Amino acid sequence: MKLEGIEFKAMPSGAHTLVKDFVYFKFNAYYGLACYETMAVDNVEERGARMKSVGILAASYTLLYRHMHFLEKQVKMQLNNPGNYEQLQLFWEDKKLTLESTDSVTNLKQLMRNSSPLVRPARELLSEFRITHPAGCFSQFLQFFGERIFTLWKFMLLRKRLLFFSPPPIGVVCYRVYCCCCLGSHRLPQFLGTEPKPHFFVNINDIDTLEAEACYIACTTEKIFETKPQLYDVYVDNQNLKTDVPVLKDLLKINSADRDKFVKMTDLRTSQLYAHSNDALSEEQLFVTYFTELNNRLFQTLFDISFTQDKQLSNEHMKSMGLDPQGDRTFLMELVEMHGIDVVLMVDNPCCPK
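The structure contained in this document is the topic of the report that follows.

## Description of the packing of aromatic side chains
At step 1: This structure, assessed with the given rule, holds 22 aromatic pairs.
At step 2: Their ring planes at 80 degrees and their centres at 6.1 Å tell us that F150 and W153 sit as a pair that is edge-to-face. Within this pair, F150 and its partner W153 are both found in helix α6 (residues 149–157), separated by three residues, close to a single helical turn. There is no split in this pair, since F150 and W153 are both buried.
At step 3: Aromatic ring contacts, followed pair by pair, group F138, F141, F144, F145, F150, W153, F164, Y178, F287, Y290, F291 and F331 into a single cluster.
At step 4: Here K26 stacks its cationic end above the ring of Y31, 5.7 Å away from the centre of that ring.
At step 5: Of note, K261 hangs over the ring of F150, and the distance from its end group to the ring centre comes to 5.1 Å.

Written as structure tokens, this is what we have:
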């Protein structure tokens, strides 16, 4: 496997300003996780600072979290004993799999499932793609974006190209990418496999790759991406969302249905925090379950109406899907057009009394 350029993934731009961090990324057909740390040294050759990063590549990011602790330990080992690769070599001998070609990635995924089963959550609705995250990751995501979480939700369902920007540290932003992926969770077989795939951290070396993507979710520490709107549909600078796509600008507005959904979700989360039952959902289960059920209800309603004789979608239908009859009209028109769902929006005009 050619690894040219992977050092720019394992040590993101701006990492030298931090003591330690971690980063998830995509490298060709693989996903990677790297842990980075720096240490002050009295050494002219190293200019007073020793910086090391140790990473791992796999066919799927679902298994990477298992190795976070090992990578953190190995970074410290390299800082204190540079060039001592004994434990890394032992790890490689224990875990390596031979790939005859890049076409065998699918076989590798199956082999990894057979030899090292995925850790599956107990709840059926919990998303299969799972990476390790700090306690409170989802609550931090909710608090960080507030009601804008439902703006991100709409962009996810429309399969847009989302790029998160933030100065270092980038690890927490990788978690935002993951949380954003969960917004599109559903149990609809006709749409399985159509969800945007996370690229996690990207840099200027990924420009050609991003140009070829119809939809993706990624994050970066490089501000230059903001000047290249052809690479993304939505640019998220910390808590600020912006787009140069005319039809999407209307979706940036928070409406009453968004506020209602956020209040209900916050109330649901609060009730779970004080639940003492064994059936109480974890934070991640609650988050994924909420959006899975929301998405299932939305699409099922649309499908049911598409099989009626008049195919008319009313204000009440909109409200039952958790949408604002006026504020979400553009979103719904884009959604049904993208999926080819045959419905007619018969939304009442509040300016014209009946």
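Alright, that's what it looks like, and here's the rest.
## Considering the environment of A58
At step 1: With respect to the helices and strands, the residue A58 is situated in strand β3 (residues 49–58).
At step 2: The class for A58 is buried, based on a relative accessible area of 10%.
At step 3: For the pair A58 and L33, spaced 25 residues apart in sequence, the C-alpha to C-alpha distance is 8.8 Å.

## A closer look at the environment of K76
At step 1: Secondary-structure assignment places K76 in helix α2 (residues 68–80).
At step 2: On the accessibility criterion, K76 (39% relative accessible area) is partly exposed.
At step 3: For the pair formed by K76 and E37, sequence separation is 39 residues and the distance between their alpha carbons is 7.4 Å.
At step 4: Reaching out from K76, the side chain makes a polar contact with the side chain of E37 at a distance of 3.0 Å.

## As for α6
At step 1: The buried count for α6 comes to nine of nine residues, which makes it a mostly enclosed element.
At step 2: Every buried residue belonging to α6 is among I149, F150, T151, L152, W153, K154, F155, M156 and L157, and all of these are buried.
At step 3: A positive phi of about 55 degrees marks R159, the residue just after α6.

## A look at unusual backbone geometry
At step 1: With an omega dihedral of 10 degrees, the bond running from P168 to P169 counts as a cis peptide bond.
At step 2: Relative to the helices and strands, P169 is located in the loop between β4 (161–165) and α7 (171–182).
At step 3: Positive phi, close to 55 degrees, is recorded for R47, a residue that is not glycine.
At step 4: Even without a glycine there, the phi angle at N238 is positive, about 55 degrees.
At step 5: Relative to the assigned elements, N238 resides in the loop between β7 (234–237) and β8 (240–242).
At step 6: The partly exposed category is assigned to N238, whose relative accessible area is 28%.

## A look at the packing of helix α5 (residues 137–145) against α7
At step 1: At a minimum axis separation of 10 Å, α5 and α7 run at an interaxial angle of 85 degrees. Judged on the interaxial angle alone, α7 and α5 are roughly perpendicular. Residues C137, F138, F141, F144 and F145 of α5 form the contact with α7, whose participating residues are Y175, R176, Y178, C179, C180 and C182.
At step 2: When its residues are assigned to classes, the contact of α5 with α7 shows ten nonpolar, no polar and one charged.

Conventions and cut-offs
- Residues numbered from 1 in each chain as written.
- Predicted model: local features only at pLDDT ≥ 70, side-chain atom pairs only at ≥ 80, totals over all residues.
- Heavy atoms only, no water.
- Phe/Tyr/Trp six-rings, centres within 6.5 Å; stacked < 30°, edge-to-face > 60°.
- Helix = DSSP H or I, 4+ residues; strand = E, 2+ residues; numbered from the N terminus.
- Buried < 20%, exposed > 50% of the residue type's maximum accessible area, 1.4 Å probe, protein only.
- Lys NZ or Arg CZ within 6 Å of the ring centre and 35° of its normal.
- Polar contact = N/O pair within 3.5 Å; in protein donor to acceptor, adjacent residues only side chain to side chain.
- Axes fitted to C-alpha atoms, helices over the stretch in contact; angles between N-to-C directions.
- Parallel < 35°, antiparallel > 145°, perpendicular 65-115°, else oblique.
- Contact = heavy atoms within 4.5 Å.
- Nonpolar A, V, L, I, M, F, W, Y, C, P; charged D, E, K, R; others polar.

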